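Spelled out from the first residue to the last, the chains are:
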Amino acid sequence: MNRTESSAAPLSSPSASNASSTSKGGKYLTFALGAEEYGLQILKVREIIGWMEMTAVPRTPAFVNGVINLRGQVIPVIDLRAKFAMPAIPRTEQTCIIVAEMEQAGRRIQTGLIVDRVSEVLNIPAESIEEAPTFDPSVRSDFILGLGKIGRGVKILLDIDRVLSTADVIVLDGLPKAKSAA
Amino acid sequence: MTSLFDLTEQLAIAVVGADTADLVTLAAIFDHLESIGKAAQTLADEQGRPIQSLASGTATLVQQIVMNEVPDAEESLRRVSQSAMDLQRMVESAMSSGPTPPRPAAASEIAPATDDGGIVEIGCNAEDRSLVVDFVEEARAHVDAAEAELLKLEEEPDNLETVNAIFRSFHTIKGVAGFLNLAQIGKLAHAAESLLDRAREGKLQLAGRALDLVLESVDAMTRLLALLEESIKLGGVMPIWPPVIGLIERLKDYLHGGATRPVGATTETAAPAAAPVTELAKPASGEQTVKVATDRLDSLINHVGELVIAHSMVAQDVAGLTRGNPRLAGNMSHLGKIARELQELSMAMRMVPIAGVFQKMVRLVRDVSRKAGKEIELVVVGKETELDRNVVEAIGDPLIHMIRNACDHGIEPPDVRMKNGKPRQGRIELKASHQSGNIVIEISDDGKGLDSARILKKAIDNGTVAAGQQLSEAEIFKLIFTAGLSTAEKVTDISGRGVGMDVVKKNIESLRGRVDITSTPGKGSTFTIRLPLTLAVIDGLVVRVGRQRYILPLLSVEQNIRPTVGQMSSVNGRAEMCTVRGTCLPVYRLHRLFNVADAATDPTNAILVVVQENDRRCCFMVDELLGQEQVVIKSLGEGLSKVQGINGGAILGDGNVSLILDIAGVMDLALSGVSGERSEISGMFTSFTADEKTAA
């Protein structure tokens, strides 16, 4: 099963990550998950919306929180905490949903990301961005575009295409396999 | 001669309104310049030559502007407009000096403008791309129109208007193709156009081999357009499609080789023949249309849907206030009416007539019957019936299979028909109509009918059916949808390989439709396809399970019951059943399958919804029925599109999303014995989300 997972990673559009690695510098929307600060390329962010009731979708991975109605369009919402295997916390007033957009095969795909709190938009120059070091195997670093060092702390810059497309791979490939595992 | 003058006039008008970004006008200018160059050939050399060369030079410049090849487009456009004025002056002076004997135009028209270069490979740079994409779509419309006209021509071969229409289609394709440097398409269009031009002048009758050649060109054009579209998608260079070279050669040979059969008196009346062209230049249909990108249309539909929801929410909010305020109540209901009308209108915009698909069938019957040596008449009824664009696109392939089958298996050869006392000519009727919110397409033939004995024997031979099994006639007919079962005695290149009908069934089922067959031996068969009008809307039964709401397609729902203790029974203490009108049906608890908390667990406190799908029946256990609603089906977004048991989502009246259940999928889910526990599904994800269960 674990083999499948590692083979799944290269499936996520390599061209997109190649393109982004050459021009990592730029504006990032930063947000918090617990004490950690993350960053998302501003061009990938469509909008930020407050918490809203979700419709749970059965038989999807735990990090898929459900679907919402975004002005007539149904979009899936992913709990980033669950996605990164971080402990869940109760929802607060600051909990919100970042609607990220990525392009796949000419179609624009929108996905909501639940985060603890949205911080600010930061301009992070390319020279302040470092490659992520290799961690122990329980931490996946292939979602990480780089580490932005600005001001007081480190912002973990996410390669959202990777985060989202891995979700796709899990949902599409995972279900039939789960069946055989049962 | 007046036409040359008129052309410069038109050119001048077009130039005045031109803009460097306005490709349509630029294309028109290019066309005018080309026609001026051509028309100038009729002038004497000393007058015609300068006009020709100026026109062609300016045309090249316009082309460069379009291709973004000039450094300063504005400046180049000014030069174009200067040339246009010069041309007008030159033509005026040429006219005033008196008409000169016209040169024979025919010869020069037949030879392609840039001949003997063979077929040049085509490169498409990025800027051209969107132009090419537009071109492909437009050209397809032209090809379809030409094909329709061609078939009409078969019945009345002397109809000049029809010839003109076909000519114009090819001419337009040629013009734009030349513009975009699409050599293969341009040359083919040119060759076909030359032949059609001859026919238009009355020097050739478009029948027999000439007609076949043009039809072949139509087919080749379709292939080329498909190739072009594909290569544009892949971002590569359009490959050469070799058959087209041969076809162009044959077209040319036909033109040059003694094919010119002057049809009696028409030689004298060459001049009037040109008249219908101008008259026909106006659009054929009186209705004006605007092309809209589908995602824009979808987004409009989404927004109108939201408007309706927003209205109903506001209406609920002000419900208390309206009692004492008739004006507010009146306005609210007026607003609601407008919103609903808007919604209907926007849904109607997705609807297109089925005529285009039926058109293809006319052609198909013509080709297949000729190949099979049969005489078949296709009668088309109700081609104006409208249905959703997606359905129209998807129904084409199944129809082709079925019509082909009717021609090949259904209709007998003429001599056999005569022997059986039937008319020589077979008859296939293709009928579309609306019936209670569905579209019904009927394909009936007066052929030999299905031979149920032989189908059954074949099915037993290849093991689909056990030897002793008793089947009803309807069940036997349904066997022809099984893969690998062909009743054709011999395999032809038309059909009989036993693939096809199973694909037909699959395609139709994917459109949420079904096929029924009736057949009488010796009299013929009728295939009836029932499809939903649109893929976008279904009638749904909204049910509640715990705090979740789900939508069941009403088509699959038979009845709802609140079971008594006596009706319920179980096997091994687990598999539950309910006796409904004497039949034992399995009971599947949705809350268990979908892992929903806080749902009713005692069946006698819950509702059982009896559903059927493809002859399978069962009961779904839900907490409560919330009502019926017509809902718009929406995708759950790319990543969630294939969740088993879920067909999509719908936005309910309160603005929240509810999931639409895929009945067959839920049944499979229940049978596979997997419950909706999330931990099992994300099992492959364990190294990353070790404590996922707690996170959930």
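Residue numbers run consecutively from 1 along every chain, following the written order of its sequence. Here chains are named by letter from A upward and ligands by number from 1 upward, in the order in which they appear as written. Residues qualify for local features only when their pLDDT is at least 70, as the model is predicted, and side-chain atom pairs are given and counted only at 80 or more; totals for whole chains, interfaces and linings, by contrast, use all residues.

### Remarks on the packing of helix α12 (residues 294–317) of chain B against helix α14 (residues 326–348) of chain B
Residues and elements named next belong to chain B.
Then, number 1: Remark: α12 packs on α14, axes separated minimally by 9 Å, with the N-to-C direction vectors making an angle of 160°. As the angle between them shows, α12 and α14 are arranged roughly antiparallel. α12 and α14 meet at a crossing whose hand is left-handed. Of the residues in α14, those in contact with Leu 300, Ile 301, Val 304, Gly 305, Leu 307, Val 308, His 311 and Ala 315 of α12 are Met 332, Leu 335, Gly 336, Ala 339, Arg 340, Leu 342, Gln 343, Ser 346 and Met 347.
Then, number 2: Three residue categories are used. Nonpolar comprises Ala, Val, Leu, Ile, Met, Phe, Trp, Tyr, Cys and Pro, charged comprises Asp, Glu, Lys and Arg, and polar comprises the others, including Gly. Residue classes in the contact of α12 with α14 are distributed as eleven nonpolar, five polar and one charged. Every axis in this analysis is a line fitted to C-alpha atoms, fitted for helices over the stretch in contact. Angles between the N-to-C directions lie between 0 and 180 degrees. Only DSSP runs of H or I with at least four residues qualify as helices, and only runs of E with at least two residues qualify as strands; both kinds are numbered from the N terminus onward. Here the word oblique covers every angle except those under 35 degrees (roughly parallel), over 145 (roughly antiparallel) and from 65 to 115 (roughly perpendicular). Should the near helix be turned anticlockwise from the far one by less than a right angle, the crossing is termed left-handed; should it be turned clockwise, right-handed. Our contact criterion uses C-beta atoms placed from the backbone: two residues qualify when those atoms are within 7 Å.

### A few points about the confidence of the model for chain A
Residue and element names in this part refer to chain A.
Then, number 1: Residues of chain A with pLDDT of at least 70 account for 73%, and the chain-wide mean is 76.
Then, number 2: Note on residues 1–21: pLDDT is under 50 here. Beyond four places in sequence and across chains, it has 27 contacts.
Then, number 3: Between residues 167–182, whose pLDDT stays under 50, and residues either more than four places distant or in other chains, the model counts 35 contacts. pLDDT is a residue-level measure of predictor confidence that goes from 0 to 100.

### Side note on unusual backbone geometry
Residue and element names in this part refer to chain B.
Then, number 1: With a phi close to 55°, Asn 595 is a non-glycine residue in the positive phi region.
Then, number 2: Three exposure classes are used. Buried residues have 20 or more other C-beta atoms within 10 Å of their own C-beta, exposed residues have 12 or fewer, and partly exposed residues fall in between, all C-beta atoms being placed from the backbone. A tally of 16 C-beta atoms within 10 Å means that Asn 595 is categorised as partly exposed.
Then, number 3: The residue Asp 598 is not glycine, and still its phi comes out positive at about 60°.
Then, number 4: Looking at where Asp 598 falls in the secondary structure, it is placed in the loop between α21 (590–593) and β14 (607–613).
Then, number 5: On the basis of neighbour counts, which here come to 11 C-beta atoms within 10 Å, the residue Asp 598 falls in the exposed class.

### Examining the packing of helix α16 (residues 389–410) of chain B against helix α20 (residues 501–510) of chain B
Residue and element names in this part refer to chain B.
Then, number 1: α20 packs onto α16 with a crossing angle of 150° between their chain directions and a minimal axis gap of 9 Å. One finds that α16 runs roughly antiparallel with respect to α20. Relative to α20, α16 is oriented so that their crossing is left-handed. Taking contact as the criterion, the partners of Ala 394, Asp 397, Pro 398, His 401 and Met 402 in α16 are, on α20, Met 501, Val 503, Val 504, Asn 507 and Ile 508.

### Structural notes on the sheet that holds strand β2 (residues 36–41) of chain A
Residues and elements named next belong to chain A.
Then, number 1: Two strands make a pair as long as DSSP finds a minimum of two bridges between them. Taken together, six strands build an open sheet; the order of strands is β8-β1-β2-β11-β10-β9 and the sheet is mixed. Bordering the open sheet on either side are β8 (117–124) and β9 (129–130), each of which pairs with just one other strand.
Then, number 2: Here six bridges tie strand β10 (residues 144–150) to strand β11 (residues 153–158), and the two strands are oriented antiparallel to one another. Counterpart to Leu 147 in the pairing with β11 is Ile 156.

### Observations concerning the pairing of β2(A)
Residues and elements named next belong to chain A.
Then, number 1: In terms of residue burial, β2 counts as a mostly covered element, since five of its six residues are buried.
Then, number 2: Looking at chain direction, strand β1 (residues 26–33) and β2 are connected through six bridges and run antiparallel. Each residue of the ladder has a partner; that of Leu 33, found in β2, is Glu 36.
Then, number 3: Count of turn residues in the β1/β2 antiparallel hairpin: two residues, of which Gly 34 carries a positive phi of about 65°.

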